[in-house]
Amino acid sequence: MKAIVLHGEPGDARLQLVDRPIPEPKRHEVIVRVRASALNYRDLEIVRGTYHTSFPLPLVPLSDGVGEVVSVGEGVTRVKAGDRVCSAFWQRWVAGSFDMAEPSYQLGGPIDGMLAEYAKLDEQAVVLAPGHLSDAEAATLPCAAVTAWHALITEGALKPGETVLALGTGGVSLFALQFARSAGARVIVTSSSDEKIERAKVLGAFAGVNYRRHEDWAGEVLRLTDGRGVDHVLEVGGPGSFAQSLRAVRLGGQINVIGYLGGTEGTINPLDIFRRQARVRGIPVGSRASFEAMVRAMEAQELRPVIDRIFPWTEAANAFRHLESGAHFGKVVLRHDALSS
């Protein structure tokens, strides 16, 4: 089979198309013929060598993908050959609290991921893909969608009538917008682009704040909520935006810390959390149980992911450059067409 591996030294690694044997399933493992995969910011950091953890190379990147089960190992009962399944980021976090997750079982680093013609997965870490979604759409779900669902629904217990603040218009934020709207909540988005804000409004956003025009975007959020603040924040910016997220959240509201697109440098005063009585939690994607609950909800309401652009999988390097540019609105996807041998 063909696979794209990251090889070399961290910080100077390169993506390379290589030949590898098609993997054989061991006990409780399945082999999936990959049909599509999708990029996340974590994948970008791993590829460019800036991720907070270094993994042994060579490594097949990407945690997110969908494909057809072509063979199963001994003892597999959850799926069968012919099933269309999505990968799960955490290969051993089935349900329950995060202490059930094991860092050494993260797909796309340190475990080989989905940027290949075939992938070997634990049977406990695959989820039947939603029947109404295309391969490209289903490939976007394992990280961004599950993260948004886990933050707002599994952990956040989002209620109708509440207000959600989604920072940016990347994959997690747009999934949060869709899930919040389907739950009867209002959504405010932030962006540096008026065009992206208008596109978010078409998806159902109540309002948008251009943080280039409004440096004090928290003040704008408070104005939009009549001074009350929002009930939930999807915090993807990191330390650079956290202080404003604290100002924008209502007393006793929730801040879900998901990423650090704005950098890792900044100062956070714990007293501000105390004064706001904010509940702050880190969201490390989510369990398989969260994934499966999300799939049921998406099927019931026929929700479809927002895809920005689809590349052939062998053009992964170009796809990563597009993701890094920040020009995307929604998910960047790779289509896994068959290669001639």
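My aim in this report is to walk through the structure given alongside it, one point at a time. On a predicted model such as this, the values are computed, not experimentally measured, just so you know. (Residues numbered from 1 in each chain as written. Predicted model: local features only at pLDDT ≥ 70, side-chain atom pairs only at ≥ 80, totals over all residues. Heavy atoms only, no water.)

Moving on, we come to the pairing of strand β4 (residues 64-72). Every other side chain in a regular strand lies on the same face of the sheet, so the side chains alternate between the two faces. By the bridge criterion, eight bridges tie strand β3 (residues 29-38) to β4 in an arrangement that is antiparallel. Among the inter-strand pairings, Ser37 is bridged to a residue of β4, identified as Gly65. Two strands pair when backbone bridges link them, and β4 and strand β5 (residues 84-87) are joined in this way by three bridges, in the antiparallel orientation. Its bridge partner being in β5, Val66 is matched across the sheet by Cys86. (Pairing = 2+ DSSP bridges. Helix = DSSP H or I, 4+ residues; strand = E, 2+ residues; numbered from the N terminus.)

Once that is clear, we can look at the side chain of Asp83. Inspection of the secondary structure assignment puts Asp83 in the loop between β4 and β5. A distance of 2.9 Å separates a polar atom in the side chain of Asp83 from the backbone nitrogen of Lys80. Among all residues touching Asp83, those that are not within four sequence positions of it are Gly67, Glu68, Val69 and Leu128. (Polar contact = N/O pair within 3.5 Å; in protein donor to acceptor, adjacent residues only side chain to side chain. Contact = heavy atoms within 4.5 Å.)

What the rule picks out here adds up to 21 salt bridges. With its nearest N and O atoms 3.3 Å apart, the salt bridge here joins Asp122 to Arg92. Highlighted residues: Asp122 in strand β6 (residues 118-122) and Arg92 in the loop between β5 and β6, separated in sequence by 30 residues. When its relative accessible area of 16% is taken as the criterion, Asp122 is described as buried. Judged by its relative accessible area of 36%, Arg92 is partly exposed. Arg250 is the partner of Asp231 in a salt bridge, and the nearest nitrogen-oxygen pair spans 2.5 Å. Taken together, the residues Asp231 in strand β11 (residues 230-235) and Arg250 in strand β12 (residues 249-257) connect sequence positions 19 residues apart. Owing to a relative accessible area of 4%, Asp231 belongs among the buried residues under this scheme. (Salt bridge = Lys/Arg side-chain N within 4 Å of Asp/Glu carboxyl O. Buried < 20%, exposed > 50% of the residue type's maximum accessible area, 1.4 Å probe, protein only.)

Fair warning: the whole summary comes from geometry, so function is off the table for now.
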